[in-house]
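What the coordinates show
Read off the chains here:
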Amino acid sequence: MKKWFYCVWAVVLLAWMHSISAQSLPPFKAPNTNYRAVTLGNYLGELNEENANLKIRRLSVDSAKANAKDAGKPYLSPILTYVRGSMYTQAPYSGYTSPASNTLGAMVTIEGWGKRSAREAQAEADAKHKLAEMITESKAIETEAIFNYIDALRTKLLWQSYQEAIDGLKQYQAGGSAQEAEFIAAQKILANDLKYYSYGLVNYLGKADSDLILPVGTLNMEPQNFKVEELIAHARENRADISSGQAAVESAAATLEVVKASKNVDFLPGVYYTQTPPYSSSGVNYGTQQSFSFLVNVPLGNGLLVNSDITTAANNQAEQEVNLIAIKSKIVTEINQTYLQYLSAKDRLETANKAFNQAKAGKNSIQGILRFRDAEYELFDARTVHAKTLILLNRLSGNFEVPNLH
């Protein structure tokens, strides 16, 4: 029982210490601007629902899916015919009578072998490709928005850091000093920068008239260790652009099959029914006459003699395959380069943390407050670079989880 009590007490103590740490900076204030605090997770949720580009992509995907449902239906193209006649404007001789028959006809198209199945496969591949393109664009927009969010959060944290220094100077009766005036001027610039970044965040949502976004967090992301080989392997299985490239190859291959199938000949069978009313001619009476006719049309288009469309479709498939190979090759370069950047960012963060902790221990004088503010400024910059590089490395390797900015 005691052991359980001590464990609970330890958890409560750690939570209390974390809350004290998270609340150590003064609150951000902007009297003339309306902000609403939004976590990164909630912001990305809004972005995926409200972003105009993604809405357009979703509509395109819905259209492609609807087209795929109907693509497998036969194209009968029925033709109905009615003929009245023959009627002469002038009788060829005296006493000639025109019977003026009525003819009804119907004709349908029987598609050439393989056209229907190829068309259905092409429509399904196109729908899959459009879905993959939408996912790829959504991840790219998310990454841009995350970096914008981090820039805004860094700006807010720096404003709070200056405010903390201003409050510290006042404790030593250094209020109204040149140093305080410099900090206040820096705050005005940072407040303007934050507004700039917040407008960018709102723009991703397509809500120009809404309150500005106020980011939440401290950018204190834990450093991580990676193996480049594992990152590359994971990227090849989970990258959105890989899925989009593969879908493009499949769509091009399906299009090639449609072009090949278009060479197959269609058949247009038809039936005609003719009724001739009773009439008399040259003194001879004729009764009602009825007859049926059957016919088959075989249209022979120029496509049977031209193969340039097949060449074009085959080349398009080859282009998509080359592009997919290039994407897979680019992954290796991107991850290796970003990994090197991350190692540097991690070293910088470690150095900044050490300098921050040393300066924190000496916050008992005016000079100590100034040194601490400089160290805190560098710490927030180091956290910003570390967070961006870590997020980019994760996303380049196909890990699209929402980052925790603490």
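Structural data are supplied above this passage.
The following refers to the structure shown. If you're wondering where the values come from, they're calculated on a predicted model, not measured in any experiment.

This paragraph deals with the sheet that holds strand S8 (residues 289-297). Strand order in this open sheet of four strands is S2-S3-S5-S8, and the pairing throughout is antiparallel. With one partner strand each, in any of the chains shown, strand S2 (79-85) and S8 form the two edges of the open sheet. Between one strand axis and the next, the sheet turns by 15 degrees as a mean value, whatever way the strands run.

With that out of the way, let us pick up the nonpolar core. Judged by nonpolar contacts, the single largest core of 59 residues is most densely connected at Tyr43, Leu47, Ile150, Ile335 and Leu405. Ranked by the residues each element gives to this core, the list is headed by helix H4 (residues 115-171), at 15 residues. What Leu405 contacts, discounting residues up to four positions off in sequence, is Leu40, Tyr149, Ile150, Leu153, Val216, Gly217, Thr218, Leu219, Asn220 and Met221. Grouped together as the second largest cluster of nonpolar side chains are eight residues, Leu349, Phe356, Ala359 and Phe372 included.

Counted under the stated rule, the structure contains 21 salt bridges. We note a salt bridge from Glu164 to Lys363, for which the minimum N-O separation is 3.5 Å. Here the residue Glu164 occupies a position in helix H4, and Lys363 occupies one in the loop between helix H8 (308-361) and helix H9 (366-396), the gap between them amounting to 199 residues. Note on Glu164: relative accessible area 16%, which makes it buried. A salt bridge links Glu334 to Lys330, with the nearest nitrogen and oxygen atoms 4.0 Å apart. Pair noted here: Glu334 and Lys330 are both in helix H8, with a separation of four residues, about one helical turn. By relative accessible area, which is 39% here, Lys330 ends up partly exposed. What you see here is one network of salt bridges that share partners, running through Arg239, Asp241, Lys330 and Glu334.

Parameters and conventions
- Residues numbered from 1 in each chain as written.
- Predicted model: local features only at pLDDT ≥ 70, side-chain atom pairs only at ≥ 80, totals over all residues.
- Heavy atoms only, no water.
- Pairing = 2+ DSSP bridges.
- Helix = DSSP H or I, 4+ residues; strand = E, 2+ residues; numbered from the N terminus.
- Axes fitted to C-alpha atoms, helices over the stretch in contact; angles between N-to-C directions.
- Core = buried A, V, L, I, M, F, W, Y, C linked by side-chain atoms within 4.5 Å.
- Buried < 20%, exposed > 50% of the residue type's maximum accessible area, 1.4 Å probe, protein only.
- Contact = heavy atoms within 4.5 Å.
- Salt bridge = Lys/Arg side-chain N within 4 Å of Asp/Glu carboxyl O.

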